[in-house]
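Remarks on the overall topology
Residue-level listing of the chains:
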Amino acid sequence: MKRRSLPLAARTVFPTALVAVLVAATFGVMLLAVSAFREAERREAHSRDVTVSTLRAEQLVLDLETSLRSFALTQKPSFEKSLRQTRDSLKTQLAELQQLVAGSPEQRKRSRELAQSIREYEDYYVFLLLSIAKTNPGEARSPFAVREGKSYTDKIRGRFETLLRTEDRLARQSAQSADDRWAVALTLGVGGLIAIAVAMLAFGIYLARSIARPVREVANAATRLADGHLEERLNEGGPGEIGELTHAFNAMAEKLERNRDELEAQNEQLRVSERMKSELVSIVSHELRTPLASVLGFTSLLLTRDFDDETHHRYLGIIDAQARRLGSLIDDFLDARRLEQGKLELLREPIDVAGLLREQAELFAGQSARHRVDVAVPTGPLAVRGDRDRLAQVVGNLLSNAIKYSPEGGRVELVAERENGTVRVEVRDEGVGIPQEQQSQIFTRFFRGDAAASGISGTGLGLAVSREIVEAHGGRIGFTSAEREGSTFWLELPAADGVRDGKEKR
Amino acid sequence: MTTTRSILICEDEAALRELVRVSLGDGFGFIEASDGVEALELAREHKPDVIVLDLMLPGLSGLDVLSRLREEANQSNLPIVVISAWSDARDEALAAGADRFVLKPFLPDDLRAVVQELVP
């Protein structure tokens, strides 16, 4: 069973879909890369914000400490005011910082601890020292107080440092991960692009090989076909519709070639038939003119000259015989025409072939001085059923041929016998015979071999008509012949039982 | 008419030979051939004054007889009248050396006129 190959539509849709998927995947990877890049940028900006915010808070803590110290030294109210403003700013700044680090649990914890330390510093040291400085400035400036403050601020500075370091570390980690993702995405994207390029190239080659090239071949073949090279064929096969196309093309070319051959054969037949017709006209006119020459010539003589009675009578006899010959020639042509149209009508009456043969032999024996016609038929009747006149025509034809085709004269034998339910008749001559290469055509209408060139007159209808008549009687006709030795024509007819010439016995 | 002119009739049908003979009349002596070979032999032997030649002859065709006679030096001026039922054969016969072509069927007087023209 023939493997049904995929149609072209499917073959083009699949690779297209593959390319589309590749493009989409590559595009997705590219998008991921871009988003990673933007994420890294955003993260970096955030880190910067966190750092700036942290540094600003650290500065504010320093400012707070400076304001406190200045107040402890001078007790000027402006410093207390500045301290309180700084403290408010610091609170805001810390709130901002806590908001900034809200996304990172680690930093949130650290910022909370920082805020806690600052709150402790404010609550247990700054405001305490502030109130001490108001009542007892000396104590506020004592080394103990300074040391106590320093321990708080050191702790806060340590926390700031940790926060900054952690932020720095987180930023670096994030940048690293963004770089990694960017590298992966880039690799995948470039790989995807290469894959797309390769897939499209492969698809292009595939299209060219499986569609464009076969289509080109079909087009070329069609052009050659159009130029008349009908023997043009394609290698069948190819994907889907291409296979169907090549198959249909070959079928078409096959049909065209067959039609052309048929037309050529018909044409040849027409040419042959045309040539035969023109030959026929020529033959007919020749064959009719010959007896007509006697008829007209002797009639004219009888009309214009005086002859004795005997001659007068003999000429009338010639005119009569030749006029009959004209009539029988016309019958022959009409027979040929009837045979051509399949309209030969035969009687089916009982006939004695032996009698018929004797009559014909007698008729022909008188026609030629140079020929001897011998008859060898059984004494009893040879009964067949058929058309007596037609069978006489056949036998007459064979005898006439035997005489015509032995121009040197000689013996013509007419032999008949009954064997195994058939009546067999043979007409043998010692004439020119039939060349081997012409024997197959001898029963063809108007075929006359070398007869015309040898000066033997005739229509080329006799044997064709004879065969039709014999076959219409259910019999067979044939011959054996050797060139320059003579011919034997035979015919076989189905025998009938106990028939006298013209009358049934029973 | 001082001497009797001889005419060779080459025609395979006896009736037509007689027709030619009677048509031309008593003023001539006749020799008759019924095939081409015989025609050629009689022409050489009797040296007739005119030949009346049919084209459809058994053995050797009329055209062959004609061209052979024309090849032979002493026969090349011999008047030859071709009679034929082939209307197409006129040109061929004249080209092969026939002096006149008479198409069958012909009237006896016409044939006589043609022959008398050749041998007055």
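Quick look at the structure, then. (Residues numbered from 1 in each chain as written. Chains lettered and ligands numbered in written order. Predicted model: local features only at pLDDT ≥ 70, side-chain atom pairs only at ≥ 80, totals over all residues.)

**A word on the interface of chain A and chain B**
For clarity, the cut-off: Here, residues touch in the contact sense if the C-beta positions derived from the backbone fall within 7 Å of one another. Going along the chain from the N terminus, every DSSP run of H or I of four or more residues is numbered as a helix, and every run of E of two or more is numbered as a strand.
Listed by partner, the interface residues are 21 residues for chain A and 21 residues for chain B. Of all elements in the fold, only α6 (240-304) and α7 (309-341) of chain A reach the threshold of two or more residues within the side of chain A that touches chain B. Counting residues per element, the side of chain A that touches chain B draws most heavily on α6(A), which supplies 13 residues.

**Topic: the packing of helix α8 (residues 353-365) of chain A against helix α9 (residues 388-404) of chain A**
Residue and element names in this part refer to chain A. What counts, and what does not: Axes here mean lines fitted to C-alpha atoms, for a helix over just the part in contact, with angles spanning 0 to 180 degrees between N-to-C directions. When an angle is under 35 degrees it counts as roughly parallel; over 145 it counts as roughly antiparallel; between 65 and 115 it counts as roughly perpendicular; any other value is oblique. The sense of a crossing depends on the near helix, which, turned anticlockwise from the far helix by less than a right angle, makes the crossing left-handed and, turned clockwise, makes it right-handed. Here the term charged refers only to Asp, Glu, Lys and Arg, the term nonpolar to Ala, Val, Leu, Ile, Met, Phe, Trp, Tyr, Cys and Pro, and the term polar to all other amino acids, Gly among them.
One can describe the packing of α8 onto α9 by two numbers: an axis separation of 10 Å at closest approach and a directional angle of 40°. The pairing of α8 with α9 is recorded here as oblique in orientation. Read as a crossing pair, α8 and α9 show a hand that is right-handed. Contacts between α8 and α9 involve Leu-356, Leu-357, Gln-360 and Phe-364 on the former and, on the latter, Arg-388, Leu-391, Ala-392, Val-395, Gly-396, Leu-399, Ser-400 and Ile-403. Residue classes in the contact of α8 with α9 are distributed as eight nonpolar, three polar and one charged.

**As for the pairing of strand β5 (residues 422-428) of chain A**
For a regular strand, side chains alternate in direction, first toward one face of the sheet and then toward the other. Residues and elements named next belong to chain A. Quick note on the threshold: Between the buried cut of 20 or more and the exposed cut of 12 or fewer other C-beta atoms within 10 Å of a residue's own C-beta lies the partly exposed class, and all C-beta atoms are placed from the backbone. Between any two strands, pairing holds if DSSP finds at least two bridges.
Residues of β5 alternate between two faces, with Val-423, Val-425 and Val-427 buried on one and Thr-422, Arg-424, Glu-426 and Arg-428 left unburied on the opposite face. Relative to β5, strand β4 (residues 410-419) runs antiparallel, the two being bridged by seven bridges. Looking at the pairing, Glu-413 lines up with Arg-428 of β5. The antiparallel pairing of β4 with β5 creates a hairpin that spans two residues between the two strands, and Asn-420 there sits at a positive phi of about 45°. Both β5 and strand β7 (residues 486-494) contribute to a ladder of seven bridges, which runs antiparallel. Residue pairing for β7: Glu-426 is matched across the bridge by Trp-490.

**A short note on the sheet that holds β4(A)**
Residue and element names in this part refer to chain A. With mixed pairing, five strands are arranged side by side in an open sheet as β2-β4-β5-β7-β6. Every other strand in the sheet has two partners, leaving β2 (371-376) and β6 (476-482) as the edge strands with one partner each. Neighbour to neighbour, the strand axes of the sheet diverge by 15° on average, direction disregarded. Sheet analysis places β2 next to β4, joined by six bridges and oriented parallel. Each residue of the ladder has a partner; that of Val-375, found in β4, is Leu-414. Lying on the sheet, α8 is in contact with β2, β4 and β5; it crosses β2 at an angle near 170°.

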